[in-house]
Amino acid sequence: QLQLVESGGGVAQVGVSLRLSCAASGPGFGNYALGWFRQAPGKERVFVAATSWNGRNVDYADSVKGRFIISRDDAKKTVDLEMNSLSAGDAAVYYCAAKRTNGLGSNDLKQDYDYWGQGTQVSVSP
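Within each chain, residues carry numbers counting from 1 in the order of the written sequence. The model is predicted, so local features are restricted to residues of pLDDT at least 70 and side-chain atom pairs to those at 80 or more, both for listing and for counting; the totals for chains, interfaces and linings are taken over all residues. Excluded from the side-chain calculation are hydrogens and water; included are all heavy atoms of the structure.

A few words now on the packing of aromatic side chains. Side-chain rings of Phe, Tyr and Trp, where Trp is taken by its six-membered ring, are said to pair if the distance between their centres is within 6.5 Å; with planes under 30 degrees apart they count as stacked, over 60 as edge-to-face, and otherwise as tilted. A full pass over the atoms with the stated rule returns five aromatic pairs. Taking the centre distance of 6.0 Å and the plane angle of 55 degrees together, the rings of tyrosine 113 and tryptophan 116 count as tilted. Here, over-ring charges are defined by two tests on the NZ atom of lysine or the CZ atom of arginine: distance to the ring centre within 6 Å, and angle to the ring normal within 35 degrees. If you follow arginine 45 out to its NZ or CZ, it ends over the ring of tyrosine 95, 5.8 Å from the centre. The ring of tryptophan 116 has arginine 45 lying over it, and the distance from NZ or CZ to the ring centre is 4.3 Å.

Next up, the structure:
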């Protein structure tokens, strides 16, 4: 029912900023919680950030708290991830995801999300 496409990835130097975007198509965008996850080579996909269906609640992984900002624009049907002070540990494929707001699950658990984008690569160079 919902399609997600990430963009904005690339190669960035340590310490700089990068902004990722995720564009959605399909009905009911405003009724989904939205999240960003990342997966480094040989590692499991892990939680990065999430925002509730109404944008009222925001959650971040400890590793990115204070550096990353998640935001949603329901008029444009997009969710962005602003990444600041990039370090080598931030290099990964970044995925956006959408979760049905039905009172079940948690916004920081990848198994509770219903729709996923294809991912966008973020590389960090010295």
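With that settled, the discussion passes to the pattern of salt bridges. A side-chain nitrogen of Lys or Arg and a carboxyl oxygen of Asp or Glu constitute a salt bridge if their distance falls within 4 Å. Applying the stated criterion across every chain, the model contains seven salt bridges. One salt bridge in this structure joins lysine 65 and aspartate 62, with 3.6 Å as the shortest N-O distance. Salt bridges linked by common partners bring Arg19, Asp80 and Glu82 together as one network.

Strand pairing in a sheet takes place through backbone hydrogen bonds and is either antiparallel or parallel in direction. Spatial ordering of the open sheet is given by 1-3-8-7, a layout of four strands whose pairing is antiparallel. The open sheet has two edge strands with one neighbour each: strand 1 (3–7) and strand 7 (68–73). Neighbour-to-neighbour, the strand axes of the sheet open up by a mean angle of 15 degrees, direction not taken into account. Being paired, for any two strands, means DSSP has found at least two bridges between them. The helix and strand labels rest on DSSP assignments: H or I over at least four residues marks a helix, E over at least two residues marks a strand, and numbering proceeds from the N terminus. Of the strand pairs in this sheet, strand 7 and strand 8 (residues 78–83) are connected by six bridges, and their pairing is antiparallel. Bridge assignment links isoleucine 69 to a residue of strand 8, and that residue is glutamate 82. Orientation is described by axes fitted as lines to C-alpha atoms, over the contacting stretch for helices, and by angles from 0 to 180 degrees between their N-to-C directions.

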